[in-house]
Amino acid sequence: MKKKFIYSILLTLLSLQAMAQLKISGKVTSAQDNSPLPAVSIRIKGTSTGTVTDANGNYSITASNANAVLVFTYTGFAAQEVSVAGRSTVNVQLKETASNLNEVVVIGYGTAKKSDLTGAVTTIKAEQLLDKPVPNLTQALQGKVAGVDVSVNSNAPGAGAKVRIRGIGSINSNIDPVYVVDGVVGVDPNSINPNDIASIEVLKDASSTAIYGVRGANGIIMVTTKRGKKGPATISYDANGNVSELYRHVPTLNSKEFVDIYNQSFANGSKFDPTGATQTPAKALNHTNFPLLFDTNNNPIYDTNWEKETYKPSFSQSHQLNIQGGSEKSVYSLSLGYLNQHGLTPTSAFKRYSIKMTMDNDVKDWLRIGGSINLISSRQRLVTDGNGSLNVPRAVSEEVPIVPIKYPNGTYAGNFDIAGLEGAPNPIQIANERYTLNNNMQMLGNVYFQFKISSELDFKTDFGYNLSSQKNNFYSSLALQHLSADQGGVANINAYQNYFWQTENYLTWNKKLNDHQRFTALAGVSFNRNGYERVRSETQNFIDDFFQYHYQQAGSVKSANESQDEKNSLESFYGRISYNIDEKYLFTATGRYDGTSRVAAKNQFSFFPSVGAAWRVSQEDFLKNSKSISNLKIRASYGILGNQEIGNYRSLPQYGTGQTVLSNSAQISLLPSYLGNPDLKWERTKMVDGGIELGLFGDRVNLNADFYIKNTSDLLLQTPIPWTAGFTTANVYKNVGSVRNTGIELALNTVNVRTSDFEWTTNFIFASNKNKVTKLNDNGADIFPGPNFLGQNYVIRVGQPLGSFYGMTRVGTYSDSPADIAEAAKHGLKAGDRKYIYNADGSNYYSIIGRAYPKWTGTFSSSFRYKHWDFSFDIRFVEGVNTAANFKHSSEDRQTISNSLATVLNGWTPNNQNTMISQVRNYKYAQDSHFDTWWVEDGSFIRGQNFILGYTFPTAMLQRVHMSRLRIYASVQNLFVITKYTGYDPEVDTFNSSYGSNQAFSQNIDFFANPRPRIWNLGVQVGF
């Protein structure tokens, strides 16, 4: 009996003990923006029991006492103690301290604290990104991140920018960074509404990018869009309207000057061709021959300033509506966007509609489901096409001023009305009667399932997709002389169906080993498929312009009927482990094993590893209590990255079709089109990075500095092969050499003054990159990659940087001194011709005469706040770079067939011999025109990038009308540019109009670019 009694007592005590065990779970978020905080340390006060939050801020812990107290600690946030009070769910919001080390940074397949990073990662928040009205993400990035060079080369509405991270490491491969939008890889950044972006992380070194393996060599840009937040629904509305205007000018000859130069040019004919060529125009410029253009005194009736008539101020507008909200279990967001942008060029425009929805739901304690869908519809009207064609910018410079836009009878006037001139239509007619409509419909998003296997282990499976349908409609009127009149008008349609899908499946293990050590391990597998289909049709010879592209059957000549489809795939296995000792010593190891279909079968798979380490010196005892040094971290990384962006099927021989005549009829023939390279492999980049992060005086001063060495081997080049080989494509991709990029990056942020009424902050970024070709096959022989304009414009040479301009050296013009006349005669030239440096044997001397990429770039920004007023500005510097003004050939060297630049007024004459511009003459009397140092100008500049003045209404006033925020602001972009360049803008690329393509070295070659406008903007931001 006694034994039974004791046994019963023991059972009761054990059951009470079991009943006292309480499982507690919850989520830890930031009090500032409700974002989840990973790796927060949680312990039960007075015990050794503890855990950490997972990547989404969730945790689970078991307490033996219903009244236990939980202690939450996280670097950069104030520690917080919370009594359980018998609850099974305890959610906590931590408040930030002065340090920004707590900042949660998005990295590949997860997030991390900024203080835990061993790699070079820069974060840009939405408010920093959207401080100016821009149509896309790439333009918004300009001047924001050290080491990220953004060139806005095209000023057509809706056009994107070129983005280069840490220099150029390729020849014919794509060198754009990879954009990852909410986990979906390879998204075109110009399709995304920038107002939907919450933050951007730029991953620059191997430690941060190796998780993307063969796609990491050019850097990774992680884009996180806005999602739902717990709490009552919030509504925000942003709108702006802006006016663009021409603010730089490229003067051309007015009517009087044109007639004088025209007549002088023919008068000089006897000097340059004394053997009898026609030395008078087909028809003299006078009233008798051109009564509609000259009065009875033979003076021009019209003096048309084509620049002024073409580039008119234009109005654009943007509107954005965001709704965010949610409960404890489910959050949602909805955004609607509208952009209507117009360019300086008549009829050029870009319109975009977007709608984005997100949903995240805690279905169970162990299961979270969510996803997003983003629908984007856009239409771009391009009126400037072709490189060197008779397009609008070229017509602005070449159209003669003596003709009007239209004659009194309503017909268009143009150069073609004057015999002997190059018959370009005038730019207004081209803009109205020649265009391309790029119509795009895109659906982008993902669906994910996240399983909480345990308090430490998560599994996430994510399916991402990007589907787009694009239809490009082109029409050129039958009235456009020398463009489409000879064909009777031209209409074509290109239609594309593009698809991309990916599936990502990965485990994340957050483990706290003890009070001194913790780690995060990641392991995953990925599959994706990318492909497109294209059809094209073209018709010519219309009876009038009524049908245009809408009804191609109206054209009697069917000139094209094509179709094509391609696809590629990538499968990958990846892993990463991050190890933290005492918040002082940080280690990261990453590896990815990629297999791609784009290279030869025997080279398809490769492993891309990286390692990184960091020492948080400020956490050491000798600095922990320092009053001046609030943060000091030294980090280093090394890794190997890849680049597969060369197009599909480049390793395989290919066939195409042609036409031949058999039995007096046209027959389709099968022809070898591409040789293929069975040894083709991807480019590999080895990168070393060293960095220091320094915070002073409670992080009032923050300095980030990086030094890197980036070696890329197995460069891919479209190598020419003889046409006699019989292939319709006379090149083949080969791995040809190596290139090295070395550079430094600095970012300095300071809080100069901070009081309740006044705040002043400054930001300065600086980057310098040195690029050098270290090896080329074929004994280091020079490679000329194009583009070719009156000869080779670029050279790839061992010991020199990629992007080296290659041409002749002009030293002036030959005088009429006996010595100069004799010297000119050796080259078949005369006094008044250009004077060049020649080789000893008299042949043309070519050398490197400039560089297309800058030695250093920088941006200085400053922000001021006084009570409810705010003012900020950005000034951008680009130095040590050249821009090739190739348009000088057509507008300085070709008198009597078109108008000329006003600079020809400084051409050689017997009384003006100290000049770089040759004597004017009839175009038939050959100008010795070469790509040379007179065209390759200093392209350095200082740009007043953005200036903003705003006013935020007091909260107390707004509460009366149930508003949470109201801010109005005015801004101006491109307020000024200080440069020696004589074109519209030194930042330009007219030989490469497509986004990011690197088919040739075309950066900073200007052959009649659209001018960059100054933009005056008014905006409002409203919150409810």
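As shown above, the structure is provided for reference.
For clarity, every value in this text was computed on a predicted model and none was experimentally measured. (Residues numbered from 1 in each chain as written. Predicted model: local features only at pLDDT ≥ 70, side-chain atom pairs only at ≥ 80, totals over all residues. Heavy atoms only, no water.)

### With respect to the overall build of the chain
(1) Moving on: Scanning the chain from terminus to terminus reveals 14 helices and 50 strands.
(2) Moving on: Computed over C-alpha atoms, the radius of gyration of the chain comes to 33 Å, within 12% of the 31 Å expected from 2.2 N^0.38 for 1024 residues, which places it in the range of a compact globule.
(3) Moving on: Classification of the 1024 residues of the chain by burial places 55% in the buried group.
(4) Moving on: A sequence separation of at least 24 residues applies to 70% of the contacts in the chain between residues at least 6 apart.
(5) Moving on: For the chain, the exposed surface amounts to about 43,300 Å²; the carbon and sulfur share of it is 57%.
(6) Moving on: Measuring between centres, the 95 positive side-chain charges of the chain sit 8 Å from its 84 negative side-chain charges. (Helix = DSSP H or I, 4+ residues; strand = E, 2+ residues; numbered from the N terminus. Rg over C-alpha atoms; globule rule 2.2 N^0.38 Å. Buried < 20%, exposed > 50% of the residue type's maximum accessible area, 1.4 Å probe, protein only. Contact = heavy atoms within 4.5 Å. Areas by Shrake-Rupley, 256 points an atom, 1.4 Å probe, with all protein chains shown as cover. Lys, Arg positive; Asp, Glu negative; His and termini not counted. Charge placed at Lys NZ, Arg CZ, Asp CG, Glu CD.)

### So, the pairing of strand E16 (residues 220-225)
(1) Moving on: Across the 6 residues that make up E16, a large majority, 5, are buried.
(2) Moving on: Strand direction decides the pairing type here: strand E13 (residues 178-181) and E16, joined by 4 bridges, are parallel. Its bridge partner lying in E16, valine 181 is registered against valine 223.
(3) Moving on: As defined by bridge partners, strand E15 (residues 197-203) adjoins E16 across 6 bridges and the pair is classed as antiparallel. The residue bridging leucine 203 from the neighbouring strand is isoleucine 220, located in E16. (Pairing = 2+ DSSP bridges.)

### Points about helix H5 (residues 255-267)
(1) Moving on: Along its 13 residues, H5 runs 18 Å from first to last C-alpha, staying within 8% of the 18 Å computed at 1.5 Å per residue.
(2) Moving on: Of all the positions in H5, only Ser255, Phe258, Val259, Ile261, Tyr262, Ser265 and Phe266 are classed as buried. Along the long axis of H5, the arc covered by the buried residues comes to 165 degrees, so they all point the same way. Away from the buried face of H5 by more than 90 degrees, exposed residues Lys256 and Ala267 are located.
(3) Moving on: Against helix H6 (269-272) lie the buried residues of H5.
(4) Moving on: One side-chain oxygen at the N-terminal end of H5 lies 3.2 Å from the backbone nitrogen of lysine 256; it belongs to asparagine 254. (Expected span 1.5 Å × (residues − 1). Arc of directions from axis to C-beta. Polar contact = N/O pair within 3.5 Å; in protein donor to acceptor, adjacent residues only side chain to side chain.)

### A look at the environment of phenylalanine 542
(1) Moving on: Position of phenylalanine 542 relative to the elements: it lies in the loop between strand E25 (517-540) and strand E26 (557-581).
(2) Moving on: For the pair phenylalanine 542 and phenylalanine 474, spaced 68 residues apart in sequence, the C-alpha to C-alpha distance is 14 Å.
(3) Moving on: When sequence neighbours within four positions are dropped, the list of residues in contact with phenylalanine 542 reads Tyr475, Leu478, Gly488, Gly489, Val490, Ala491, Gln548, Tyr551, Gln552, Ala554 and Gly555.

### Section: the packing of aromatic side chains
(1) Moving on: Evaluated as defined, the whole model comprises 38 aromatic pairs.
(2) Moving on: Both rings, one in phenylalanine 766 and one in tryptophan 856, keep their centres 5.6 Å apart while their planes meet at 35 degrees; by these two values the pair is tilted. Of the two residues, phenylalanine 766 is situated in strand E37 (residues 758-776) and tryptophan 856 in strand E43 (residues 856-866); the sequence distance between them amounts to 90 residues.
(3) Moving on: Judged by relative accessible area, which is 33%, tryptophan 856 ranks as partly exposed.
(4) Moving on: Ring centres 6.4 Å apart and planes at 25 degrees place the aromatic pair phenylalanine 864 and phenylalanine 871 in the stacked group.
(5) Moving on: Classification of phenylalanine 864 as partly exposed rests on a relative accessible area of 27%.
(6) Moving on: Aromatic ring contacts, followed pair by pair, group Phe789, Tyr794, Phe805, Phe887, Phe931, Trp935, Phe1007 and Phe1008 into a single cluster.
(7) Moving on: The ring centre of tryptophan 934 lies 4.0 Å from the NZ or CZ of lysine 888, which sits over that ring.
(8) Moving on: Of note, arginine 943 hangs over the ring of phenylalanine 941, and the distance from its end group to the ring centre comes to 4.7 Å. (Phe/Tyr/Trp six-rings, centres within 6.5 Å; stacked < 30°, edge-to-face > 60°. Lys NZ or Arg CZ within 6 Å of the ring centre and 35° of its normal.)

### Considerations on the sheet that holds strand E38 (residues 794-795)
Strand pairing in a sheet relies on backbone hydrogen bonds, with the paired strands running either antiparallel or parallel.
(1) Moving on: Strand order in this open sheet of 3 strands is E38-E39-E42, and the pairing throughout is antiparallel. Both outer strands of the open sheet, E38 and strand E42 (847-851), are each paired with one neighbouring strand and no more.
(2) Moving on: Alignment of strand E39 (residues 804-807) against E42, held across 4 bridges, turns out to be antiparallel. Considered in E42, the bridge of tyrosine 806 is made with isoleucine 848.

### Some remarks on empty space enclosed by the protein
(1) Moving on: Under the defined criterion, the tally for this structure stands at 9 cavities of 30 Å³ or more.
(2) Moving on: Estimated volume of the largest cavity: approximately 450 Å³.
(3) Moving on: What lines the largest cavity is a set of 33 residues, among which Ile107, Thr111, Ala112, Arg576 and Ser578 lie closest to the centre.
(4) Moving on: For the lining of the largest cavity, the secondary-structure elements that each account for two or more residues are strand E9 (110-113), helix H4 (206-209), strand E24 (490-512), E25, E26 and strand E27 (585-596).
(5) Moving on: When the residues that make up the lining of the largest cavity are grouped by side-chain class, the tally is 16 nonpolar, 13 polar and 4 charged. (1 Å grid on protein atoms, 1.4 Å probe; cavity = no way out; pocket = protein on both sides within 12 Å on 5 of 7 lines; lining within 4 Å. Points joined across faces, edges and corners; volume = space filled by probe spheres on them. Nonpolar A, V, L, I, M, F, W, Y, C, P; charged D, E, K, R; others polar.)

### Describing the sheet that holds strand E7 (residues 92-94)
(1) Moving on: With respect to topology, 3 strands assemble into an open sheet ordered E4-E1-E7, the strand pairing being mixed. If you trace the sheet from one side to the other, it starts and ends with strand E4 (58-63) and E7, each paired once. Within the sheet, the average angular offset between the axes of one strand and its neighbour, ignoring direction, is 35 degrees.
(2) Moving on: Pairing analysis gives 3 bridges linking strand E1 (residues 22-30) to E7, with the strands arranged parallel. Looking at the pairing, threonine 29 lines up with glutamine 93 of E7. (Axes fitted to C-alpha atoms, helices over the stretch in contact; angles between N-to-C directions.)

### With respect to a nonpolar patch on the surface
(1) Moving on: On the surface, Phe573, Tyr593, Phe605 and Phe607 cluster together into a nonpolar patch covering about 390 Å² of accessible area.
(2) Moving on: Mapped onto the secondary structure, phenylalanine 607 falls in strand E28 (residues 605-616). (Patch = residues over 30% accessible without salt bridge, like charges linked within 9 Å, V, L, I, M, F, W, Y side chains within 5 Å. Salt bridge = Lys/Arg side-chain N within 4 Å of Asp/Glu carboxyl O.)

### Side note on the pattern of salt bridges
(1) Moving on: Counted under the stated rule, the structure contains 52 salt bridges.
(2) Moving on: In this structure, the salt-bridge partner of glutamate 538 is arginine 536, at a minimum N-O distance of 2.7 Å.
(3) Moving on: Of the residues examined, arginine 536 reaches a relative accessible area of 18% and is grouped as buried.
(4) Moving on: Note that aspartate 706 is salt-bridged to arginine 635, the shortest N-O span being 2.8 Å.

### Side note on unusual backbone geometry
Negative phi characterises most residues that are not glycine, and trans characterises most peptide bonds.
(1) Moving on: For aspartate 582, which is not glycine, the phi dihedral falls at a positive 60 degrees.
(2) Moving on: Relative to the elements of secondary structure, aspartate 582 occurs in the loop between E26 and E27.
(3) Moving on: Even without glycine at this site, histidine 962 takes up a positive phi of about 60 degrees.
(4) Moving on: Relative to the helices and strands, histidine 962 is located in the loop between helix H14 (955-959) and strand E48 (965-973).
(5) Moving on: Residue classification places histidine 962 among the exposed residues on the basis of a relative accessible area of 68%.

### So, the nonpolar core
(1) Moving on: Formed by 45 residues in total, the largest nonpolar core has its most connected members in Ile171, Ile796, Leu802, Phe805 and Phe931.
(2) Moving on: Broken down by secondary-structure element, the contributors of at least two residues to this core are helix H8 (392-398), helix H9 (427-433) and E37.
(3) Moving on: A total of 3 residues in this core trace back to one element, the largest contributor, which is H8.
(4) Moving on: When near neighbours in sequence (up to four residues on either side) are disregarded, isoleucine 796 contacts Ile171, Val773, Leu776, Asp782, Ile783, Pro785, Leu802 and Phe1001.
(5) Moving on: Listed in part, the 26 residues of the second largest apolar core include Val150, Val163, Val181 and Ile192. (Core = buried A, V, L, I, M, F, W, Y, C linked by side-chain atoms within 4.5 Å.)

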